[in-house]
Amino acid sequence: MKKKIPSLVLSLAVLVIFSWSRPALSDVFIQCPTDNWEAEQAAGEDLDADGVVDYQDDNVVCIHLTGGDGFTTMADGYPQYMFGFGDVTGMPAGMVMMHGMLAANSPAPLIAVKEGNEVYLNLTNVGMMVRPDLFDPHTVHWHGFPNASAVFDGVPDASISINMGSTLTYYYVAPEPGTYIYHCHVEATEHMQMGMLGNLYVTPAQDGAPIGGFTQFAYNDGDGSTGYDVDYVLQFIDFDKQFHDASYYVQPLPFALMEDDYHMINGRGYPDTVNPNPIDGTDPEGGVYPGSQNVSSLIEAQVGDTILLRMSSLSVTKFHTITTLGIPMRVVGQNARLLRGPTGLDLSYYTNSVTLGGGESIDVILDTDGLAPGTYFLYSRNLDDLNNDAMDRGGAMTEIRLTSAP
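Rules used in this analysis
- Residues numbered from 1 in each chain as written.
- Predicted model: local features only at pLDDT ≥ 70, side-chain atom pairs only at ≥ 80, totals over all residues.
- Heavy atoms only, no water.
- Pairing = 2+ DSSP bridges.
- Helix = DSSP H or I, 4+ residues; strand = E, 2+ residues; numbered from the N terminus.
- Axes fitted to C-alpha atoms, helices over the stretch in contact; angles between N-to-C directions.
- Contact = heavy atoms within 4.5 Å.
- UniProt positions renumbered as here; feature names shortened; annotations may be inferred.

The chain carries the name Multicopper oxidase family protein in an unreviewed UniProt entry, which gives Abyssobacteria bacterium as its organism.

Caption draft 1: Fine view of the sheet that holds strand 6 (residues 167–173). With respect to topology, four strands assemble into an open sheet ordered 2-1-4-6, the strand pairing being mixed. The sheet is open, and its two edges are formed by strand 2 (79–87) and strand 6, each paired on a single side. The average undirected angle you get between the axes of adjacent strands in this sheet is 20°. As judged from the nine bridges shared by strand 1 (residues 60–73) and strand 4 (residues 118–127), these two strands associate in the parallel manner. Looking at strand 4, one finds that Val 60 is bridged to Glu 118. Here helix 5 (residues 241–248) sits on the sheet in contact with strand 1 and strand 2, set at roughly 80° to strand 2.

Caption draft 2: Summary view of the pairing of strand 12 (residues 288–293). The pairing of strand 11 (residues 279–282) with strand 12 spans three bridges and is antiparallel. Within strand 12, the position partnered with Thr 282 by the bridge is Val 288. Between strand 11 and strand 12, which pair antiparallel one after the other, the connecting turn spans five residues, and Gly 286 there sits at a positive phi close to 95°.

Caption draft 3: Representation of the UniProt feature "domain: Plastocyanin-like" (unreviewed entry) in the chain in the model. The feature "domain: Plastocyanin-like" (unreviewed entry), as annotated in UniProt, sits at residues 105–206 in this numbering. The span residues 105–206 shows a helical share of 6% and a strand share of 39%, and its end C-alpha atoms are spaced 32 Å apart.

Shown next, in the form of structure tokens:
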């Protein structure tokens, strides 16, 4: 018999007790060198006593994420418990815990920065409201990213994990453009299956320069060959319904029996992938969690546009073979590297499908010149990925809608 979970009220009470009893060093402590720059620059003093006089610096990016739990709604309407990250960037420290609890997003908030940016990423562990018996720490791991120091890598064996009620500020310099991914690396199989997954990319320094008829590029190609008019991020993930339910109902987790039932792009299965609006999460007791699935995968362009697709997979169990029916794909980058040889030889190639395993990314250019206006489909060629559990004609699929150029 399934064990009934404690009510959310009881969970909140436990967290309140925890907050009173937590160690003195546990706190929401946000570090951003430009937070108070106007007042401090005018005064010339360190008004917030953080050790520096803040100043305006357009090269600095500050992000504040929470790690906790929440709910999503699958495309067949099934409520799914999950772990995840939420975005509280700019929120005062005293409001972070209440706004961050039960606010997990699928996928995690997008991180998009420019080459050369200094990034201060604060992660606050707000705990598991539905599972107050869990005291899991969390981390942020920029997968495949060349960190200057292992201490910010997020792999718990070699770096720092953040306990409940605590905050850590990660520091990165983004030296290389490309499509990356990020996830929690604590108990990675469990936390990734539960949904702590997000999109991350770095735009190149070449952006803004007119090269080959473009001003936006996937990489510093020098010749405009990775230029594009519109770009989209598409992350392929899968959920095992029984695994998520076992976590919700406080049952042993079936690692050895893991088999995914929901196959999604950016946290949604088709037809929800083409819904341009945020989708609310729901729980089995009728609770609603606004905007837990914020990222539409609908691709829109005009005939003649060049489309860049930043595709990645953080699936724990599956490979996905992706195709764009009627539109050839030109692969220009893989795993955050421009496809060029040591001598600069162009190694990009045309294909009608690409295969992504968990932890891989690929940059694909679609040239729509000469195509007829209409709706084209991007989907997984693995036929068992095209369902939402028992609901057929869904899963890892989205639409590319081309309109006539004016």
